[in-house]
Amino acid sequence: MVEIRTVGVVGAGQMGGGIAHVAALAGYEVALYDVSLELATKGIAKIAANLERQVAGDKISASDRDAALARLKPADGVGALASVDLVIEAATEKEEVKRRIFQQICPILKPDAILASNTSSISITRLASGTDRPERFLGIHFMNPVPVMKLVELVRGIATDDAVFEASKAFALRLGKTLTVSEDFPGFIVNRVLMPMINEAIYTLHEGVGTIESIDTSMKLGANHPMGPFQLADFIGLDTCLSIMQVLHDGLADSKYRPCPLLVKYVEAGWLGRKAGRGFYDYRGETPVPTR
């Protein structure tokens with residue numbers, strides 16, 4: 001039986017920080033790695049602030065917070081990943097970036113370390129083929145924000161070893177997550193269904209069927225969605241939405257997955273959603289205002 005005791009997370013942004021947060025709370029020793037020690041340290045500071053909010057909301061105790069922070073370490077260079085049992089890559093949703101990361105870290109990892117990607121759409125089999133351990137590679141796809149969202153999608157590549165897959169299931173369950181297992185097809189389950197819905201909402205806006213506000217209100221009140229599709233797209237990041245639609249379009253070769261030209265235009269403008277201050281809503285004032 002493969003046992004996971006220590007975890008390395010590559011990428012100290014929103015997703016990587018969230019994964020490190022829940023892993024440390026669950027009792028794992030965690031090394032958080034980014035391109036610089038400064039970014040990794042900033043990532044841990046954000047985790048500390050999020051843990052403090054959980055204490056204030058009576059979600060965890062102060063002793064839970066202190067124990068989790070004691071298990072978190074910023075990685076001063078890739079060498080900090082040399083002894084971990086599981087590495088989870090949580091970089092931007094671009095295949096060439098992920099491949100470069102794997103080429104950088106694989107020579108450092110111990111031979112029996114498990115390597116996972118948090119990719120939301122890219123082929124696990126294809127990513128695994130660019131590593132030295134395809135049988136010890138799989139997809140562990142967390143939802144955003146990681147500490148709040150209960151679901152984890154597990155995706156095995158064609159070469160993924162059974163024992164590695166079972167160990168990864170045990171890891172995700174220890175985090176308190178609910179698991180779904182997806183076959184290795186573009187977008188897996190969640191984004192195969194979600195992203196075309198968001199893309200169709202953008203087409204509905206593009207064609208003048210409704211406004212941003214009317215479409216969001218219709219889906220919230222008419223379909224009982226907690227967020228409208230434009231609010232959700234801005235939260236995810238329009239660049240990520242576009243990347244996933246391109247993966248679906250390229251991988252499935254069906255015109256129904258063609259990214260809406262308006263989505264492309266927003267990304268080209270740098271209006272990427274909440275993280276950029278503007279997307280389908282403008283967030284620079286006190287209240288978000290539709291941009292169309």
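Model, not experiment: these values are computed from the prediction.

*Asks:* Whenever I open this one, the overall build of the protein confuses me. Can you help?
*Replies:* Along its length, the protein carries eleven helices and ten strands. In terms of C-alpha radius of gyration, the protein reaches 19 Å, essentially the compact-globule figure of 19 Å for 292 residues. The C-alpha extent of the protein, read off along each of the three principal axes, is 55 × 45 × 30 Å. Put simply, the protein has 292 residues, and 48% of those count as buried. Pairs at least 24 residues apart make up 65% of the contacts formed inside the protein by residues separated by at least 6 positions. By element, 54% of the accessible surface of the protein is carried by carbon and sulfur atoms, the whole surface being about 13500 Å².

*Asks:* Explain the domain arrangement of the protein to me, please; I cannot follow it from the model alone.
*Replies:* Where interface size is quoted, it is often the accessible area lost as the parts come together. Assigned domains of the protein: these are domain 1 (6-183) and domain 2 (189-290). Computed from C-alpha coordinates alone, the two centres of domain 1 and domain 2 are separated by 27 Å. Roughly 800 Å² is buried in total at the junction of domain 1 and domain 2, and carbon and sulfur atoms are behind 59% of that figure. The interface formed by domain 1 and domain 2 contains zero salt bridges. Viewed at the interface, domain 2 and domain 1 are joined by three residue pairs in polar contact (both at pLDDT 80 or more). Of all the secondary structure elements, the ones that give two or more residues to the side of domain 1 that touches domain 2 are β7 (151-156) and β8 (178-182).

*Asks:* It is not clear to me how the environment of Pro226 should be interpreted in this structure. Could you clarify?
*Replies:* Checked against the element boundaries, Pro226 lands in the loop between α8 (212-222) and α9 (229-236). Along the sequence, Pro226 and Cys241 sit 15 residues apart, while their C-alpha atoms lie 18 Å from each other.

*Asks:* Can you walk me through the pattern of salt bridges in this structure?
*Replies:* Side chains that differ in sign of charge can pair as their charged atoms come close. Applying the stated criterion to the full structure yields 14 salt bridges. Residues Arg5 and Glu3 are paired through a salt bridge, measuring 3.1 Å at the closest nitrogen-oxygen approach. Taking the relative accessible area as the measure of exposure, Glu3 reaches 48% and is therefore partly exposed. A salt bridge links Asp85 to Lys110, with the shortest nitrogen-to-oxygen separation between them at 2.6 Å. Of the two residues, Asp85 sits in the loop between β3 (72-74) and β4 (86-89) while Lys110 sits in the loop between α4 (95-105) and β5 (114-117), which places them 25 residues apart along the sequence. Using a relative accessible area of 12% as the deciding quantity, one classes Asp85 as buried.

*Asks:* Hey, could you run me through the UniProt feature "site: Important for catalytic activity" (unreviewed entry) in the protein in this one?
*Replies:* On the UniProt side, "site: Important for catalytic activity" (unreviewed entry) is annotated at positions that read His141 here. Inspection of the secondary structure assignment puts His141 in strand β6 (residues 137-142). Overall, the relative accessible area of 5% leaves His141 in the buried class. Contacts of His141, omitting those with residues within four sequence positions, involve Ser117, Asn118, Thr119, Ser120, Leu151, Val152, Glu153 and Asn191. Only 2.7 Å separates the side chain of His141 from the side chain of Glu153, close enough to count as a polar contact.

*Asks:* Can you walk me through the environment of Gly43 in this structure?
*Replies:* Tracing the chain through its elements places Gly43 in helix α2 (residues 37-56). C-alpha of Gly43 to C-alpha of Tyr33: the two residues are ten residues apart in sequence and 9.2 Å apart in space. Setting aside chain neighbours within four positions, we find Gly43 in contact with Ala12 and Leu32.

*Asks:* Looking at this structure, how should I read the UniProt feature "domain: 3-hydroxyacyl-CoA dehydrogenase NAD binding" (unreviewed entry) in the protein?
*Replies:* According to UniProt, the "domain: 3-hydroxyacyl-CoA dehydrogenase NAD binding" (unreviewed entry) feature falls on residues 6-183. The straight-line gap between the two end C-alpha atoms of residues 6-183 is 27 Å; of that span, 40% is helix and 21% is strand.

*Asks:* How do you make sense of the pairing of β4 when you look at a structure like this?
*Replies:* When a strand is regular, its side chains alternate between the sheet's two faces. On β4, burial covers both faces: Leu86 and Ile88 on one face and Val87 and Glu89 on the other are all buried. When strand β1 (residues 6-10) meets β4, the two strands line up parallel, connected through four bridges. Residue pairing across strands places Val10 opposite Glu89, the latter belonging to β4. The β-α-β motif built from β4, the intervening α4 and the parallel element β5 has right-handed crossover chirality.

Conventions we followed
Residues numbered from 1 in each chain as written. Predicted model: local features only at pLDDT ≥ 70, side-chain atom pairs only at ≥ 80, totals over all residues. Heavy atoms only, no water. Helix = DSSP H or I, 4+ residues; strand = E, 2+ residues; numbered from the N terminus. Rg over C-alpha atoms; globule rule 2.2 N^0.38 Å. Buried < 20%, exposed > 50% of the residue type's maximum accessible area, 1.4 Å probe, protein only. Contact = heavy atoms within 4.5 Å. Areas by Shrake-Rupley, 256 points an atom, 1.4 Å probe, with all protein chains shown as cover. Domains from an automatic or database assignment. Buried area = accessible area lost by both parts, 1.4 Å probe. Salt bridge = Lys/Arg side-chain N within 4 Å of Asp/Glu carboxyl O. Polar contact = N/O pair within 3.5 Å; in protein donor to acceptor, adjacent residues only side chain to side chain. UniProt positions renumbered as here; feature names shortened; annotations may be inferred. Pairing = 2+ DSSP bridges. Right-handed = clockwise from strand over helix to strand, strands pointing away.

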